[in-house]
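Here is what each chain is made of, one letter per residue.
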Amino acid sequence: MLFISCQGKVKKHNPYFSLTDTTELRLPNSTWEEVLADGVYTVTREASTEMPYTNEYWDFKGTGYYHCAACGNLLFSSAHKYDSGTGWPSFWQPSEPNRLLFRKDFSEREERIEVRCRRCGGHLGHLFYDGPAPTRQRFCMNSLALKFVGGNGSKPTK
């Protein structure tokens, strides 16, 4: 497993990012590399994992919504976020079930369920079945794959 830090988020213009457009994007990684910050590219396009307890949203408690950092697709609500004790932002359900894609992942010599954005295909994290009731699901996400949009001026503190 490759861990990366949340440093080095150089702003680039991303014409594919939209909080309202749900049109599927089929773009080559070379295009994503041009428009995404290095860390966002590494996580969403190369399926890297950021360091636990050092990422932007692991302990963030603002009220709002988490969107795909690559394309803006709505993924999770803060109402479904909880402290899983893992050091990554965790949610017990997505905002809407049709916003995510799932696939088997054998990269760590065990079968896991990879979670991807349905709109752009970007890697977000993994799904585990050790979460809280009522779903018992833990969507363990990378902060670099998420963009928080808050209500009432909520902003990340880091």
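Residues numbered from 1 in each chain as written. Predicted model: local features only at pLDDT ≥ 70, side-chain atom pairs only at ≥ 80, totals over all residues. Heavy atoms only, no water.

**Student:** I'm lost on the pattern of salt bridges in this one. Help?
**Tutor:** Close approach of charged atoms lets side chains of opposite charge pair. Enumeration according to the criterion identifies seven salt bridges in this entry. In this structure, Asp105 engages Arg112 in a salt bridge whose closest nitrogen and oxygen atoms are separated by 3.2 Å. For the pair formed by Asp105 and Arg112, the shared burial category is buried. One salt-bridge network, held together by shared partners, links Arg103, Glu114 and Arg116. (Salt bridge = Lys/Arg side-chain N within 4 Å of Asp/Glu carboxyl O. Buried < 20%, exposed > 50% of the residue type's maximum accessible area, 1.4 Å probe, protein only.)

**Student:** I would appreciate a short explanation of the pairing of strand 4 (residues 74-77) in the present structure.
**Tutor:** Sheet faces and side chains relate simply in a regular strand, where the side chains alternate between the two faces. Taken together, the three bridges between strand 3 (residues 64-68) and strand 4 define a ladder with antiparallel strand orientation. Note on strand 4: the bridge partner recorded for Tyr65 is Ser77. Connecting the antiparallel pair strand 3 and strand 4 is a turn made up of five residues, with Gly72 showing a positive phi of about 90°. (Pairing = 2+ DSSP bridges. Helix = DSSP H or I, 4+ residues; strand = E, 2+ residues; numbered from the N terminus.)

**Student:** Looking at this structure, how should I read the layout of surface pockets?
**Tutor:** To locate leftover empty space, one rolls a probe as large as a water molecule over the atoms. Each pocket or cavity is described by its volume, and for the second largest pocket that value is around 180 Å³. Thr49, Trp88, Arg112, His126 and Cys140 are the residues nearest the centre of the second largest pocket, which is lined by twelve residues in total. Elements with a minimum of two residues in the lining of the second largest pocket: strand 9 (123-128) and strand 10 (138-141). Here the residues of the lining of the second largest pocket are counted per class, giving five nonpolar, five polar and two charged. (1 Å grid on protein atoms, 1.4 Å probe; cavity = no way out; pocket = protein on both sides within 12 Å on 5 of 7 lines; lining within 4 Å. Points joined across faces, edges and corners; volume = space filled by probe spheres on them. Nonpolar A, V, L, I, M, F, W, Y, C, P; charged D, E, K, R; others polar.)

**Student:** It is not clear to me how the nonpolar core should be interpreted in this structure. Could you clarify?
**Tutor:** A general feature of soluble globular proteins is that nonpolar side chains tend to end up buried together. Counting residues in hydrophobic clusters, the biggest one holds 30 residues, and the most contacted among them are Trp32 and Phe76. Broken down by secondary-structure element, the contributors of at least two residues to this core are helix 1 (29-35), helix 2 (38-46), strand 3, strand 4, strand 8 (112-117), strand 9, strand 10 and strand 11 (146-150). Here this core gets three residues from one element, more than from any other, and that element is helix 2. If near-sequence neighbours (up to four positions away) are discounted, Phe76 is found in contact with Tyr65, Tyr66, Phe91, Gln93, Pro94, Ser95, Leu100, Phe139, Met141 and Leu146. (Core = buried A, V, L, I, M, F, W, Y, C linked by side-chain atoms within 4.5 Å. Contact = heavy atoms within 4.5 Å.)

**Student:** Help me out: how do you make sense of unusual backbone geometry in this one?
**Tutor:** Negative phi characterises most residues that are not glycine, and trans characterises most peptide bonds. Omega for the bond connecting Ala133 with Pro134 falls within 30 degrees of zero, at 10°, which places this linkage in the cis form. Mapped onto the secondary structure, Pro134 falls in the loop between strand 9 and strand 10. Positioned with a positive phi, Arg136 is a non-glycine residue whose angle comes to about 65°. Here Arg136 shows up in the loop between strand 9 and strand 10.

**Student:** When you look at the packing of aromatic side chains in this model, what are you seeing that I'm missing?
**Tutor:** Enumeration according to the criterion identifies eleven aromatic pairs in this entry. Between Tyr57 and Tyr66 the ring centres are 5.4 Å apart and the planes differ by 85°, which places this aromatic pair in the edge-to-face class. Judged by its relative accessible area of 3%, Tyr57 falls in the buried class. Measuring from ring centre to ring centre gives 6.4 Å for Tyr57 and Phe148, while their planes differ by 50°; the resulting arrangement is tilted. Highlighted residues: Tyr57 in the loop between strand 2 (49-50) and strand 3 and Phe148 in strand 11, separated in sequence by 91 residues. Taken individually, Tyr57 and Phe148 each receive the classification buried, so the pair is uniform in this respect. Through successive ring pairs, a cluster of aromatic residues spans Tyr57, Phe60, Tyr66, Phe76, Phe91, Phe102, Phe139 and Phe148. (Phe/Tyr/Trp six-rings, centres within 6.5 Å; stacked < 30°, edge-to-face > 60°.)

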